[in-house]
Amino acid sequence: MTSSPFNFHNYRIVIAGGSKGIGRSMALAFAASGAAVSVCARGQAALDETADAIARHGVPTHAQSCDLGDAAAISTYIDAAARALGGIDVLVNNASGYGFSDSEEDWAAVFNVDMMAAVRASRAALPYLSDSPHASILHTSSIAALHPRPAMPSYGAMKAALSHYTTSQALALAAQRIRVNAIAPGSIEFEGGLWDHVKHDDPARYATVLSKIPFGRYGTPEEVAHAAMFLASPWANWITGQILCVDGGQQLSR
């Protein structure tokens, strides 16, 4: 990653769902800009690798295994992250249960992880954010929230709920000067991710989705991280309650 135009020295960033893909790129981008960073995830190997990569930037680093579908585990993680970093300035809710079908299991997965983990982590972080002079919350939504589609009914519906929660939460927390925004990525490709698997396992589907992206390529996790850095920075001090699409125009073609 090139040198960052942002300065996050003295910021404490907590990323729920930060060991792979978009979350990992966010963690490394903030760390490269001087922030202290905490990440959590379920998979220990990826978590350890990401923590090592963050620490190589010479910033305070914290990583902890956490099942973001478990309310008690979320509270424990947020408190531990705040202790390790000395507080919280920015909370990023980036996890997904990756429930795409209409099954009971997939609806439960996205409800508990995509939606309720964001609610619970926000609730747990609020006392720390209230003490920050530049507090903000970022949620990772999706362009799947924007239009009806026959596929991924559970994922799209829960991301739509998360986007709505973003605006309600922004209004509720404005009096405390806590900003709340969401990023709605389009199709983001990275090694080991969904679209990487689709490219190899279902090339026809990969090509169909690609044909609907006006910029002619899939996005990268780093491009989503750049948007997160802007929204968390002082340059966005007058921005709250917004859903920012990062998709190369994909949602325009529906």
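Structure: above.
First things first, this report covers the structure right here in the doc. (Residues numbered from 1 in each chain as written. Predicted model: local features only at pLDDT ≥ 70, side-chain atom pairs only at ≥ 80, totals over all residues. Heavy atoms only, no water.)

### Things to note about the sheet that holds strand 7 (residues 243-246)
Link 1 in the chain: An order of 3-2-1-4-5-6-7 is seen for the seven strands of this open sheet, with the pairing classed as parallel. Each edge of the open sheet is held by one strand with a lone partner, namely strand 3 (61-65) and strand 7. The mean inter-strand angle of the sheet, taken between neighbouring strand axes irrespective of direction, is 15 degrees.
Link 2 in the chain: Where strand 2 (residues 36-41) and strand 3 come together, five bridges link them in parallel fashion. Across the sheet, the residue bridging to Val 37 is Thr 61, located in strand 3.
Link 3 in the chain: Of the strands in this sheet, strand 1 (12-16), strand 2, strand 3 and strand 4 (90-93) touch helix 3 (residues 71-85), which is tilted by about 165 degrees from strand 3. (Pairing = 2+ DSSP bridges. Helix = DSSP H or I, 4+ residues; strand = E, 2+ residues; numbered from the N terminus. Axes fitted to C-alpha atoms, helices over the stretch in contact; angles between N-to-C directions. Contact = heavy atoms within 4.5 Å.)

### Describing unusual backbone geometry
Link 1 in the chain: Of note in this structure, Asn 10 is not a glycine but carries a positive phi near 75 degrees.
Link 2 in the chain: You can see Asn 10 is positioned in the segment before strand 1.
Link 3 in the chain: At Tyr 98, a position not held by glycine, the phi torsion is positive, near 50 degrees.
Link 4 in the chain: The exposure class of Tyr 98 is exposed, given its relative accessible area of 55%. (Buried < 20%, exposed > 50% of the residue type's maximum accessible area, 1.4 Å probe, protein only.)

### Overview of the nonpolar core
Link 1 in the chain: By size, the foremost hydrophobic cluster in this structure holds 33 residues, and its most contacted members are Ile 13, Ile 15, Met 26, Phe 30 and Val 37.
Link 2 in the chain: Counting only elements with at least two residues in this core, the list comes to strand 1, helix 1 (21-32), strand 2, helix 2 (44-55), strand 4 and helix 8 (221-232).
Link 3 in the chain: Sequence-distant contacts of Ile 13, that is, excluding residues within four places in its chain, are made with Phe 30, Ala 35, Ala 36, Val 37, Ser 38, Leu 85, Val 90 and Val 92.
Link 4 in the chain: Core analysis: the next-biggest nonpolar cluster, separate from the first, contains 27 residues, Ala 36, Val 113, Leu 129 and Leu 173 among them. (Core = buried A, V, L, I, M, F, W, Y, C linked by side-chain atoms within 4.5 Å.)

### Here we look at the packing of aromatic side chains
A ring pair, where both rings are aromatic, is described by two values, the distance of the centres and the angle of the planes.
Link 1 in the chain: Enumeration over the complete set of coordinates arrives at seven aromatic pairs.
Link 2 in the chain: Ring geometry for Tyr 98 against Phe 100: centres 6.2 Å apart, planes inclined by 75 degrees, an arrangement best described as edge-to-face.
Link 3 in the chain: A ring pair is formed by Tyr 206 and Tyr 218, whose centres lie 4.4 Å apart and whose planes are at 20 degrees; its orientation type is stacked. With a gap of twelve residues between them, Tyr 206 in helix 7 (residues 203-211) and Tyr 218 in the loop between helix 7 and helix 8 connect regions that are remote in the sequence.
Link 4 in the chain: A residue is classified by how much of its surface remains accessible, and Tyr 206, at 15% relative accessible area, is buried. (Phe/Tyr/Trp six-rings, centres within 6.5 Å; stacked < 30°, edge-to-face > 60°.)

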